[in-house]
Amino acid sequence: MSAINNLIVKVGRSVGGVVGTLYQAGRDSVDTVIRNVIPFMAFISFIIGLILTTGVGDWIAKGLKGSASTLPGLLLISVVCAIPLISPLLGPGAVIAQIVGTLLGVEIGKGNIPAQYSLPALFAINPQVGCDFIPVGLALGEAEPETVEVGVPAVLFSRLVTGPLSVVIAYFASFGLYTSK
Amino acid sequence: MFLSADVTVDKQDGFLGVLATAAEDFIAVFNKGGEVLLSLMGGILPTLIVLLTAVNALVRLIGPEKIENLGKAAARPGLQWYPVRYIVLPFVAVFVLTNPMAYTMGRFLPERFKPAFYDSAVSFVHPILGIFPHANPGELFVYVGIATGIQQLGYGLGDLAVRYMLVGLVVIFIRGIVTEAITARMMKKGA
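Residues numbered from 1 in each chain as written. Chains lettered and ligands numbered in written order. Predicted model: local features only at pLDDT ≥ 70, side-chain atom pairs only at ≥ 80, totals over all residues. Heavy atoms only, no water.

Engineer: Quick rundown of the overall build of chain A? Include the residues and the values.
Structural biologist: Across its full length, chain A holds 8 helices and 0 strands. Helices and strands appear in chain A in the N-to-C order α-α-α-α-α-α-α-α. Whereas a compact globule of 181 residues would reach a radius of gyration of roughly 16 Å, chain A reaches 23 Å, over 25% beyond that. Referenced to the eigenvectors of the C-alpha coordinate spread, the extents of chain A come out at roughly 80 × 50 × 35 Å. Restricting to contacts in chain A with at least 6 residues of sequence separation, those with at least 24 account for 79%. Of the roughly 8,600 Å² of accessible surface on chain A, a fraction of 70% belongs to carbon and sulfur atoms. For chain A, the distance from the average site of its 9 positive side-chain charges to the average site of its 9 negative ones is 17 Å. (Helix = DSSP H or I, 4+ residues; strand = E, 2+ residues; numbered from the N terminus. Rg over C-alpha atoms; globule rule 2.2 N^0.38 Å. Contact = heavy atoms within 4.5 Å. Areas by Shrake-Rupley, 256 points an atom, 1.4 Å probe, with all protein chains shown as cover. Lys, Arg positive; Asp, Glu negative; His and termini not counted. Charge placed at Lys NZ, Arg CZ, Asp CG, Glu CD.)

Here's what the structure looks like:
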């Protein structure tokens, strides 16, 4: 009798555990969506609305069309974003990358920028990723203060090389992407 | 009602006309914004919530502490551990621990690898978004912004998402190696 009892308790516990975990996972994901995703969507929607209805889009298009639809132009964007003094300023929350990404997306959608440039563009707008966060990120990895002192400039200088390089790699990887429907 | 069909009203001019046009233009911006918001929320949000839930549950059931052994393996010196340190470990860390907790995996590495690992891991929080948006939902629009344009053209996103992630893996590998080399030189200079 007690064996059956134990089995029932065991099954009940593990099922309860799994259901509880799934429920908690759902709660977490809805929480993330409400706190982080929807506010950004609202903000981005406003910007897109502004671009599409006013003339702002036209001069952005002119500015971006020249630079974002050629390899040298994309390289220029990536070099500017990777300059060690500028990259930490562009980093926080990836807000700049998200806005520029959205602007480029609008222009790609209108056909002003060729679709295959979407891949190199994703790298061109983002060589500054995490540059604002280096000391915190290293502290999360329990790095010594001396490592942080060396690590911050090391990462920033590395980006000057790897930022443009990533655009070149992405450019060659984009061959055959959305070229024929 | 039926009269309005054949009666056309001229656009009002004068002061009131200007005001009316301005008001229409003003509200048009927000109508368009609202349309975009609705399409975004109807398009990617439901999928995102379900996916987030599934992955969160998976990570909870497996337990994040399981990946610690991988961190210890990645700390080993030698050429064959480079791909583990700068491709496998960042990928697993970002997938399981997500941004920003992924960087805590650096604690298993010796000091000289820490900046390079951080560089590698942080550079992967966006390329992973195309396929696994749970890893960094707060910064989704780095990818989704551009992806929306592709969608408007009527293309599928799979190709872009896969290529973005694969190129991302190559880039974080190179970043890890370059930053490790720069860190080594700077540490030598400082000592």
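And the narrative resumes.
Engineer: So what's going on with the environment of Lys66(B)? Which residues, and what values?
Structural biologist: For Lys66(B), the position within the fold is in the loop between α2 (45-62) and α3 (68-74). Separated by 61 residues in the primary sequence, Lys66(B) and Pro127(B) place their C-alpha atoms 24 Å from one another.

Engineer: Explain the environment of Leu122(A) to me, and be specific about the residues and the numbers.
Structural biologist: Structurally, Leu122(A) is set in helix α6 (residues 118-124). Relative accessible area serves as the criterion here: at 0%, Leu122(A) is assigned to the buried category. For the pair Leu122(A) and Ala97(A), spaced 25 residues apart in the sequence, the C-alpha separation amounts to 8.8 Å. Not counting residues up to four positions away in its chain, the partners in contact with Leu122(A) are Val142(B), Tyr143(B), Ile146(B), Leu160(B) and Tyr164(B). (Buried < 20%, exposed > 50% of the residue type's maximum accessible area, 1.4 Å probe, protein only.)

Engineer: Describe the interface of chain B and chain A, naming the residues involved and giving the relevant values.
Structural biologist: Between chain B and chain A, the residue contacts involve 67 residues of the former and 78 residues of the latter. Between chain B and chain A, the buried area comes to about 6,000 Å², and carbon and sulfur atoms account for 76% of it. Three residues stand out in chain B for area buried against chain A, namely Tyr118(B), Phe141(B) and Ile146(B), and they jointly supply 11% of the buried area on that side. Across the contact surface, chain B and chain A share 2 salt bridges. Arg159(A) is the partner of Asp119(B) in a salt bridge, and the nearest nitrogen-oxygen pair spans 2.4 Å. (Buried area = accessible area lost by both parts, 1.4 Å probe. Salt bridge = Lys/Arg side-chain N within 4 Å of Asp/Glu carboxyl O.)

Engineer: Could you give an account of the pattern of salt bridges, with specific residues and numbers?
Structural biologist: All names here are of chain B. Counted under the stated rule, the structure contains 8 salt bridges over all chains. Here arginine 85 makes a salt bridge to glutamate 180, at a shortest N to O gap of 3.1 Å. A residue pair is termed long-range when its members are at least 10 positions apart, and arginine 85 in helix α4 (residues 82-97) and glutamate 180 in helix α7 (residues 158-190) qualify at 95 residues. Arginine 163 is the salt-bridge partner of aspartate 159, the closest N and O atoms lying 3.0 Å from each other. Here the residue aspartate 159 and the residue arginine 163 both occupy positions in helix α7, the gap between them amounting to 4 residues, near one helical turn.

Engineer: Would you mind going over empty space enclosed by the protein in detail, with residue names and values included?
Structural biologist: Taken as a whole, this structure holds 1 cavity of 30 Å³ or more when the rule is applied. Reported here for the largest cavity is a volume of approximately 90 Å³. What lines the largest cavity is a set of 13 residues, among which Phe123(A), Asn126(A), Val129(A), Ser123(B) and Arg175(B) lie closest to the centre. Elements represented by at least two residues in the lining of the largest cavity include exactly α6 of chain A together with α7 of chain B. Counting residues per element, the lining of the largest cavity draws most heavily on α7(B), at 3 residues. Residues that form the lining of the largest cavity fall into these classes: 8 nonpolar, 4 polar and 1 charged. (1 Å grid on protein atoms, 1.4 Å probe; cavity = no way out; pocket = protein on both sides within 12 Å on 5 of 7 lines; lining within 4 Å. Points joined across faces, edges and corners; volume = space filled by probe spheres on them. Nonpolar A, V, L, I, M, F, W, Y, C, P; charged D, E, K, R; others polar.)

Engineer: Describe in detail the packing of aromatic side chains, supporting the description with residues and values.
Structural biologist: All names here are of chain B. A complete count under the given rule lists 13 aromatic pairs over all chains for this structure. Just above the ring of phenylalanine 113 sits the side chain of arginine 85; from NZ or CZ to the centre is 3.6 Å. The ring of phenylalanine 113 carries arginine 112 above its face, with NZ or CZ at 4.4 Å from the centroid. (Phe/Tyr/Trp six-rings, centres within 6.5 Å; stacked < 30°, edge-to-face > 60°. Lys NZ or Arg CZ within 6 Å of the ring centre and 35° of its normal.)

Engineer: Can you explain the packing of helix α1 (residues 2-53) of chain A against helix α1 (residues 14-43) of chain B? Please cite residues and give values.
Structural biologist: Two packed helices can be described by the angle between their axes and the distance between those axes. Between α1(A) and α1(B), the least distance of the axes is 7 Å, while the angle of their chain directions is 135°. One element, α1(A), and the other, α1(B), form an angle in the oblique class. The way α1(A) lies across α1(B) gives a crossing that is right-handed. When α1(A) is examined against α1(B), the residues Ile38(A), Met41(A), Ala42(A), Ser45(A), Phe46(A), Ile48(A), Gly49(A), Leu50(A), Leu52(A) and Thr53(A) are found in contact with a partner set consisting of Ala28(B), Val29(B), Phe30(B), Lys32(B), Gly33(B), Val36(B), Leu37(B), Leu40(B) and Met41(B). Its residues assigned to classes, the contact of α1(A) with α1(B) comprises 14 nonpolar, 4 polar and 1 charged. (Axes fitted to C-alpha atoms, helices over the stretch in contact; angles between N-to-C directions. Parallel < 35°, antiparallel > 145°, perpendicular 65-115°, else oblique. Left-handed = near helix turned anticlockwise from the far one by under 90°.)

Engineer: Give a detailed account of a nonpolar patch on the surface, specifying residues and quantitative values.
Structural biologist: All names here are of chain A. Taken together, the side chains of Leu76, Val79, Val80, Ile83, Leu85, Ile86, Phe157, Leu160 and Val161 present a nonpolar region at the surface, about 760 Å² in accessible area. Mapped by element, the contributors of at least two residues to the nonpolar patch are α3 (71-82) and α8 (145-173). By the secondary structure assignment, isoleucine 86 is in the loop between α3 and α4 (87-90). (Patch = residues over 30% accessible without salt bridge, like charges linked within 9 Å, V, L, I, M, F, W, Y side chains within 5 Å.)

Engineer: Outline unusual backbone geometry, listing residues and values.
Structural biologist: Residues other than glycine seldom take positive phi values, yet Glu142(A) does so here, at roughly 55°. With respect to the helices and strands, Glu142(A) occurs in the loop between α7 (134-140) and α8.

Engineer: Which residues make up the layout of surface pockets, and what are the values?
Structural biologist: Counted as a void, the largest pocket has a volume near 350 Å³. Lining of the largest pocket is provided by 20 residues; of these, Thr32(A), Asn56(B), Leu97(B), Thr98(B) and His134(B) occupy positions nearest its centre. Of all the secondary-structure elements, those providing two or more residues to the lining of the largest pocket are α1 of chain A together with α2 and α4 of chain B. With 5 residues, the top contributor of residues to the lining of the largest pocket is α2(B).

These figures capture arrangement, not role.
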